[in-house]
Amino acid sequence: MARIKIAAYDLLEKIREEKPVVHHLTNWVTIYDCANIVKALGGSPVMAHAKEEVAQMADIASSLVLNIGTLTVDFVEAMKIAGSSANRKGIPVILDVCGAGATGLRDQKCFELLDEVKIDIIKGNSSEIARVSGESVRTKGVDAAKVNKNMVELARGLAKKRKCTVVVTGKEDIVAGEEKLYIVKNGSPMMTHVVGTGCMSTSVIGAFAAVERDLAYAAASGLVCFEVAAECAAKLSSGPGTFKEKLFDCIYRLDKKTVNKMQKVEAW
Amino acid sequence: MARIKIAAYDLLEKIREEKPVVHHLTNWVTIYDCANIVKALGGSPVMAHAKEEVAQMADIASSLVLNIGTLTVDFVEAMKIAGSSANRKGIPVILDVCGAGATGLRDQKCFELLDEVKIDIIKGNSSEIARVSGESVRTKGVDAAKVNKNMVELARGLAKKRKCTVVVTGKEDIVAGEEKLYIVKNGSPMMTHVVGTGCMSTSVIGAFAAVERDLAYAAASGLVCFEVAAECAAKLSSGPGTFKEKLFDCIYRLDKKTVNKMQKVEAW
Amino acid sequence: MARIKIAAYDLLEKIREEKPVVHHLTNWVTIYDCANIVKALGGSPVMAHAKEEVAQMADIASSLVLNIGTLTVDFVEAMKIAGSSANRKGIPVILDVCGAGATGLRDQKCFELLDEVKIDIIKGNSSEIARVSGESVRTKGVDAAKVNKNMVELARGLAKKRKCTVVVTGKEDIVAGEEKLYIVKNGSPMMTHVVGTGCMSTSVIGAFAAVERDLAYAAASGLVCFEVAAECAAKLSSGPGTFKEKLFDCIYRLDKKTVNKMQKVEAW
């Protein structure tokens, strides 16, 4: 592993110029924040879940974000329709396996989505990704549980098995493409004291994947920008409430110099 | 068109005194903000969508706000029941045609609502209103697309055809009653960098329509107050995150002098 | 009634250490705030409502919060399944009777939940609790209506009848256990200008009930901590927008000295 610099800011600039539509079928807890973070980046979020319109909406989008945080059986059916539409159009599909391992329904629906839709980026915390990799982890709700495994190896294995990019968020984020591997070491502990930073990072990855075909690179760039902004926001805040608002300010105002200077990325 | 002053603040004061119940069937992305802006104005928001209770809830309300942002077939059925109840009681019904033109489902359901319920105020951005007027615009998600038409004429035509008030939001807002026409030139560019300002403005119009029978005047007054507050908030903020919070502060603290001094309204 | 000091902070510290999972089936308006306040306290919120997984999710939780704010018939069925699972496991079930008295559906579903699930804490504003006690109050949406009754007597009566703890929030909060009675006199008028403070206080009670078996004591302690934080936040804010953000900061930073010094509790 070697410390490298990536041109993450250039992709952010591309989002600001192209304003890609990022279609979401996401969770009802953080749906506003998912939309708002894409907007703050300069993209155009759209949240539509009716099974009668998701295919058409995915068809006008540049990427599709799925998040099973508050799944129901019907909602996952709509995700499959949207996902198939996205696959036909050739836009990237990002799946946040939020809460995988917490219940049988979540496990079953994750595997159905992975089997029936071509998922381009799988994203979760360590215990969620372990579960999706086939480990018998029991997660405690939506927060990460302990995993006695080398997560880098697990992520690389899953990326190869599913022919996709795998993102494991945590203190250090792992981005495993079929070939490339990035470790992103940015971020702030304050992110763990606010609901929605995980879901937002998935939406950020969705926005970056909308403007860059190298999906591992797009995901790493998105995480760099999001987490550099989080570090800036943490410095300006006195707790999780003000941190959250400052995060949107900092994403919106993020500039090239800051991203280049503050990024901490390793690649292999 | 002539620059005029309207007594927008007097209606805001009436909301603060009467605390009208504003019933919403709105979109799941911005539902919190829709409720919170009505609360910040001094009104009493209620969000209820079960088809078994919407008629009764509309019956204790002073206005009804419908927003198809995250529509489903069932949800629109509940909107029709609530709308019919509101029509029977004689309270104003406001419809935000959020995302009209993006999918066939949205177009179909907009027209069904307009045909089956007496809608008193139709509200959208330029491409949404163009679509509802029968133009063949294809909108890109929920953000406005370009329209090669004179929007004032389109809005006036739709107001006459549907015997209602039509509100087109944008850099300059158009409020077209069957007779009257207002242009509101307040607002801040920062409003376009935050998700929910469009939906919130619909809820604001709903609150103003709850206390004033001249609906074009109510809508123009609501937009003036909301957008003057937005201008104040923009001055106090360093980005979209802090702007959003300051917006609620500024709405809550809005006073007569500020509204009278800062408003930019033209009428015809 | 005598002024007393309770060790409310000790329970908050226990939440921070144990990080209990608080499972919610709550309302779609305030779902984010309900999750975020539990997170700010140090707990682990989980929001899952699919009838196929609620029993299993309740089974990994330490308390269950139900809130009928945006109920539907199906949603209440899921609440019953989750509630039965919580009852079997022996974790406390808290029910926010949000909007009881506003429609027939709400009344009916409240009584069904109370009859079919063992509810450990019933929480509402004065008119909601009056309605659930059998009084013929007609509430105006979700804000409290006038009740011509001694609320302490009503709350005590309901607690005895339903063998549970009853919490009535308002300018002074009443916490009536089967034996004990607490009055909490903390809080700020600013709480009434923001949507969600009522729902959040229910989630706070849920988090405190997750770590303390004496439920009246847990509820009183949760209200003390939440409302002391609200008083601190009000001092730092210029309106409801900034108040809301500061509230999360203040909850997160709350310390023993502040809680002990500022609390205003009476007991009987």
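Look a little higher up for the structure.
Bear in mind that the values here come from a model prediction, so they are computed numbers and not experimental data.

**Student:** How would you sum up the sheet that holds strand β4 (residues 63-67) of chain A? Please name residues and give values.
**Tutor:** Residue and element names in this part refer to chain A. Spatially, the 10 strands line up as an open sheet ordered β1-β10-β9-β8-β7-β6-β5-β4-β2-β3, and their pairing is mixed. For this open sheet the edge positions go to β1 (2-4) and β3 (44-47), each flanked by a neighbour on one side alone. Sheet twist, expressed as the average angle between the axes of neighbouring strands with direction ignored, equals 20°. When strand β2 (residues 21-25) meets β4, the two strands line up parallel, connected through 4 bridges. Note on β4: the bridge partner recorded for His23 is Leu64. Lying on the sheet, helix α8 (residues 197-209) is in contact with β2, β4, β5 (93-96), β6 (121-125) and β7 (165-169); it crosses β4 at an angle near 160°. Against the sheet, helix α9 (residues 215-236) touches β6, β7, β8 (173-176), β9 (181-184) and β10 (265-267), its axis set at about 5° to β9.

**Student:** Requested: an account of helix α1 (residues 8-18) of chain B, with residues and values cited.
**Tutor:** Residue and element names in this part refer to chain B. Where α1 is concerned, the buried positions are Ala8, Tyr9, Leu11, Leu12 and Ile15. Along the long axis of α1, the arc covered by the buried residues comes to 160°, so they all point the same way. Of the surrounding secondary structure, the elements contacted by the buried residues of α1 are α2 (31-41), α8 (197-209), α9 (215-235) and α11 (256-262).

**Student:** Could you give an account of the pairing of strand β6 (residues 121-125) of chain C, with specific residues and numbers?
**Tutor:** All names here are of chain C. Burial within β6 is extensive, with 5 of its 5 residues counted as buried. Pairing of strand β5 (residues 93-96) with β6, which is carried by 3 bridges, proceeds in the parallel orientation. Looking at β6, one finds that Ile94 is bridged to Ile121. Assessed by its sense of winding, the connection that carries the chain from β5 through helix α5 (residues 104-116) to β6 is right-handed. Where β6 and strand β7 (residues 165-169) come together, 5 bridges link them in parallel fashion. Across the sheet, residue Ile121 finds its bridge partner in β7, namely Thr165.

**Student:** Tell me what's going on with the interface of chain C and chain B, and back it up with residues and numbers.
**Tutor:** Each side of the interface is counted separately: chain C has 26 residues, and chain B has 27 residues. Those elements giving two or more residues to the side of chain C that touches chain B turn out to be α5 and α10 (240-253) of chain C. No other element matches the 4 residues that α10(C) contributes to the side of chain C that touches chain B. Across the side of chain C that touches chain B, the residue classes tally to 11 nonpolar, 11 polar and 4 charged.

**Student:** Provide a residue-level description of the sheet that holds strand β2 (residues 21-25) of chain B, including the pertinent values.
**Tutor:** All names here are of chain B. If you trace the 10 strands from one edge of the open sheet to the other, you get β1-β10-β9-β8-β7-β6-β5-β4-β2-β3, paired in mixed fashion. At either end of the open sheet lies a strand with only one pairing partner, and these are β1 (2-4) and β3 (44-47). Looking at each pair of strands side by side, their axes are set apart by 20° on average, direction ignored. The sheet contact formed by strand β9 (residues 181-184) and strand β10 (residues 265-267) spans 3 bridges and is antiparallel. Directly across from Tyr182, in β10, lies its bridge partner Ala267.

**Student:** Mind laying out the relation of the copies chain C and chain B, listing which residues take part and the relevant values?
**Tutor:** For the pair of chain copies, the relating operation is a rotation around an axis with a shift along it. When chain C is fitted to chain B, the best match, at an RMSD of 0.0 Å, comes from turning it 120° and sliding it 0.0 Å along the axis. Put plainly, the chains are arranged around a three-fold axis. By C-alpha distance to the rotation axis, the residue of chain C lying nearest is C:Trp28, at 4.2 Å. Comparing interface residues between copies, only 12% of those in chain C also sit at the interface in chain B, which points to a heterologous contact through distinct surfaces.

**Student:** Tell me about the interface of chain B and chain A, and name the residues and values.
**Tutor:** At the junction of the two partners, chain B supplies 26 residues and chain A supplies 27 residues. Secondary-structure elements contributing two or more residues to the side of chain B that touches chain A are α5 (104-116) and α10 (240-253) of chain B. Residue contributions to the side of chain B that touches chain A peak at 4 residues, all from α10(B). Residue composition of the side of chain B that touches chain A, grouped by class: 11 nonpolar, 11 polar and 4 charged.

**Student:** Please give an account of the relation of the copies chain B and chain A that cites residues and values.
**Tutor:** Mapping chain B onto chain A calls for a rotation angle of 120° and an axial translation of 0.0 Å; the resulting RMSD is 0.0 Å. When the interface residues of chain B are mapped onto chain A, a mere 12% of them again lie at the interface, so each copy presents a different face.

**Student:** Please provide a residue-by-residue account of the environment of B:Arg16, values included.
**Tutor:** Residues and elements named next belong to chain B. Structurally, Arg16 can be placed in helix α1. Owing to 14 C-beta atoms within 10 Å, Arg16 belongs among the partly exposed residues under this scheme. Remark: the alpha-carbon pair of Arg16 and Lys256, spanning 240 residues in sequence, is separated by 13 Å.

What counts as what
In every chain, residue numbers begin from 1 and rise along the written sequence. Note on labels: chains are lettered from A, ligands numbered from 1, in written order. Only residues with pLDDT of at least 70 are given local features in this predicted model, and only at 80 or more are side-chain atom pairs given and counted; all residues enter the totals for whole chains, interfaces and linings. Any two strands are treated as partners once DSSP identifies two or more bridges connecting them. Only DSSP runs of H or I covering at least 4 residues are called helices, and only runs of E covering at least 2 are called strands; the numbering of each starts at the N terminus. Fitting a line to C-alpha atoms yields each axis, with helices limited to the stretch in contact; the angle taken between N-to-C directions then spans 0 to 180 degrees. In this description, any two residues whose backbone-derived C-beta atoms lie within 7 Å of each other are considered to be in contact. A residue is called partly exposed when the number of other C-beta atoms within 10 Å of its own lies between 12 and 20, exposed at 12 or fewer, and buried at 20 or more, with C-beta atoms placed from the backbone. Here the arc refers to the directions that run from the helix axis out to each C-beta atom. With strands facing away from the observer, any crossover in which the path from the first strand over the helix to the second runs clockwise is taken as right-handed. Put simply, Ala, Val, Leu, Ile, Met, Phe, Trp, Tyr, Cys and Pro go in the nonpolar bin, Asp, Glu, Lys and Arg in the charged bin, and everything else, Gly too, in the polar bin. Our superposition of the copies is a least-squares fit, built on the C-alpha atoms of residues whose pLDDT is at least 70 in both.

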